[in-house]
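Observations on the three-dimensional arrangement
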Amino acid sequence: MQPKQRILEAPVYQPGKPIEDVKRELGLTEVIKLASNENPFGCSPKAVEAIQKQLGSLAIYPDGGTLELRWELAKFLNVEPDQLIFGNGSDEIILMIARAYLEKGTNTVMATPTFSQYRSNAIVEGAELREIPLKDGVHDLEAMAAAIDANTRVVWICNPNNPSGTIVSEADFLAFLAKVPGHVLVVLDEAYYEYVVAPEYPQTIPLLDKYPNLIILRTFSKIYGLAALRIGYGIASKEIVGHLNHVREPFNTSTLAQAAARAALADQAFVEKCRDLNRAGYQQLTAQFEAWGLDFYPSQTNFILVNINRDSDDVFRQLLQQGIIVRSGKALGFPGYQRITIGSAEQNERLLKALGSVLSGVLK
Ligand SMILES: *Cc1c(COP(=O)(O)O)cnc(C)c1O
């Protein structure tokens, strides 16, 4: 068998270690995962009820047009229903964008380090990568704009950025958009949108009227707590949604995912509660990091990239021994750092205790 050579150059995604795996491997019973930016508070109970109501119709294909969720989400976001595209996670929309717009002879501009899937999918399509280093952990939009040329098809902006947690401000983003030629698709990945509290964060949906070359990606995996169901969405001009529909699989979001997403969307009180608890967790963790003299990037997400000044993989393994799964910064382009998902207050307490013991001797 002879695969296409270039797919072998696309890295295989390395997920955060599953809890069951760690329990078995290390013989532990109490394991917590602060590695994949999952919601420590679960999801809305209404989403669980909505799934239970669907269990009698598993023999029937899902609604391929995602109509009810489409109408409700369009109303919620104040956009037209045909400005929405749904994916099996927003990961799938990233794949659809690459498939629809990138090929050999084109190039694509992104930050580095940023979310791994922009790069992987661009490699699969044979596009040239133009990766622009973050500046102080933030997208360098000036350098990104300067990297665009006639062969550029897609620019990726992860806002807030994973893995640094930082944001691009409204003023900087508007200045950037004004410089991007109309033939370039600007992808704005807002997976952590609902967690952001900074007033300078741009509200981007109103920009769609003026910028028909913009697509915004959001997801039900993060604050809505439905990562297991795989459902995310894109908001864009009808033209872009039309292009993506040509490469979308027929039934790409499941009946259970659609039902749960509708119920979760309707429960905004849950979202607000999680945002508040997350901010409290951010304070809890960063107060201790500061006391220890550890540097971290200011985060508008549910994770923190903290500089532990030690081999990331070593510290990762030592935390694992204590039943705590985090994400080693080494794999994410930040050697010497850990990316830690903000957990519940008790989980954060456990993490701090474990991290304190692992780092004892080198902390203030
Ligand atoms: C988690 C994440 C996604 C993917 O989320 P899905 O579960 O596929 O919807 C996309 N972008 C960023 C930056 C993420 O952190």
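Structural notes, computed from the coordinates. This is a predicted model, so every value here is computed, not measured.

Remarks on the overall build of the protein chain
Scanning the protein chain for helices and strands turns up 12 helices and 13 strands. Dimensions of the protein chain, computed from the C-alpha atoms along their principal axes, are close to 60 × 55 × 55 Å. Partitioning the contacts of the protein chain with sequence separation of at least 6, the portion at a separation of at least 24 is 73%. Counting only carbon and sulfur atoms, one obtains 52% of the accessible surface of the protein chain, whose full area is about 16,300 Å².

Some remarks on the site of the ligand
If you check the shell around the ligand, you find 13 residues, and the closest are Asp189, Tyr192, Thr219, Ser221 and Lys222. Between the ligand and the protein, one listed contact pairs an oxygen atom with a backbone N or O atom of serine 90 at 2.6 Å. Aspartate 189 is positioned such that a nitrogen or oxygen atom in its side chain is 2.6 Å from a nitrogen atom of the ligand. Bound to the protein, the ligand loses 94% of the 390 Å² it would expose on its own. Split by residue class, the shell around the ligand holds 4 nonpolar, 5 polar and 4 charged.

Concerning the environment of leucine 134
One can find leucine 134 in the loop between β4 (128–133) and α6 (141–146). The exposure class assigned to leucine 134 is buried, which follows from its relative accessible area of 15%. Not counting chain neighbours up to four residues away, the residues in contact with leucine 134 comprise Ala111, Thr112, Pro113, His139, Asn161, Ser164 and Phe334.

Some remarks on the sheet that holds strand β13 (residues 337–341)
Picture the strands of a sheet paired through backbone hydrogen bonds; they go either parallel or antiparallel. Strand order in the open sheet formed by 4 strands is β9-β10-β13-β12, and the pairing between neighbours is antiparallel. Bordering the open sheet on either side are β9 (295–296) and β12 (327–328), each of which pairs with just one other strand. Sheet topology note: the β9/strand β10 (residues 303–307) ladder contains 2 bridges and is antiparallel. Bridging across to β10, phenylalanine 296 finds its partner in valine 306.

Comments concerning the nonpolar core
A general tendency of soluble globular proteins is for nonpolar side chains to be buried together. Residues Leu84, Phe173, Phe176, Phe220 and Ile235 are the most contacted members of the largest nonpolar core, which totals 57 residues. For this core, the element with the most residues is helix α9 (residues 255–266), which contributes 5 residues. Summarising the domain contributions, this core has at least three residues from each of domain 1 (12–30 + 269–358) and domain 2 (45–267). Once residues lying within four places of it in the same chain are set aside, the contact partners of isoleucine 235 are Leu77, Val79, Gln83, Leu84, Ile205, Leu208, Leu214, Ile215, Ile216 and Arg218.

Thoughts on unusual backbone geometry
Of note, the bond from threonine 112 into proline 113 is cis; its omega dihedral lies within 30 degrees of zero at -5 degrees. As for its placement among the helices and strands, proline 113 is situated in the loop between β3 (107–112) and α5 (116–125). Cis geometry is found at the peptide bond from asparagine 162 to proline 163, where omega equals 20 degrees. Structurally, proline 163 can be placed in the loop between β5 (152–158) and α7 (170–179). Backbone geometry at aspartate 136 places phi at a positive 50 degrees, although glycine is not the residue there. As for its placement among the helices and strands, aspartate 136 is situated in the loop between β4 and α6.

Description of the layout of surface pockets
If you roll a probe as big as a water molecule over the atoms, it shows you where there is empty space left. What the largest pocket holds in volume is close to 980 Å³. Along the wall of the largest pocket there are 43 residues; nearest its centre are Tyr13, Phe115, Ser116, Gln117 and Arg327. Elements supplying a minimum of two residues to the lining of the largest pocket: α4 (90–101), β3 and α5. A total of 4 residues in the lining of the largest pocket trace back to one element, the largest contributor, which is α5. Residue-level mapping places the lining of the largest pocket at the junction of two domains, with at least three residues from each of domain 1 (12–30 + 269–358) and domain 2 (45–267).

Rules of the game
Residues numbered from 1 in each chain as written. Predicted model: local features only at pLDDT ≥ 70, side-chain atom pairs only at ≥ 80, totals over all residues. Heavy atoms only, no water. Helix = DSSP H or I, 4+ residues; strand = E, 2+ residues; numbered from the N terminus. Contact = heavy atoms within 4.5 Å. Areas by Shrake-Rupley, 256 points an atom, 1.4 Å probe, with all protein chains shown as cover. Near = heavy atom within 4 Å. Polar contact = N/O pair within 3.5 Å; in protein donor to acceptor, adjacent residues only side chain to side chain. Nonpolar A, V, L, I, M, F, W, Y, C, P; charged D, E, K, R; others polar. Buried < 20%, exposed > 50% of the residue type's maximum accessible area, 1.4 Å probe, protein only. Pairing = 2+ DSSP bridges. Core = buried A, V, L, I, M, F, W, Y, C linked by side-chain atoms within 4.5 Å. Domains from an automatic or database assignment. 1 Å grid on protein atoms, 1.4 Å probe; cavity = no way out; pocket = protein on both sides within 12 Å on 5 of 7 lines; lining within 4 Å. Points joined across faces, edges and corners; volume = space filled by probe spheres on them.

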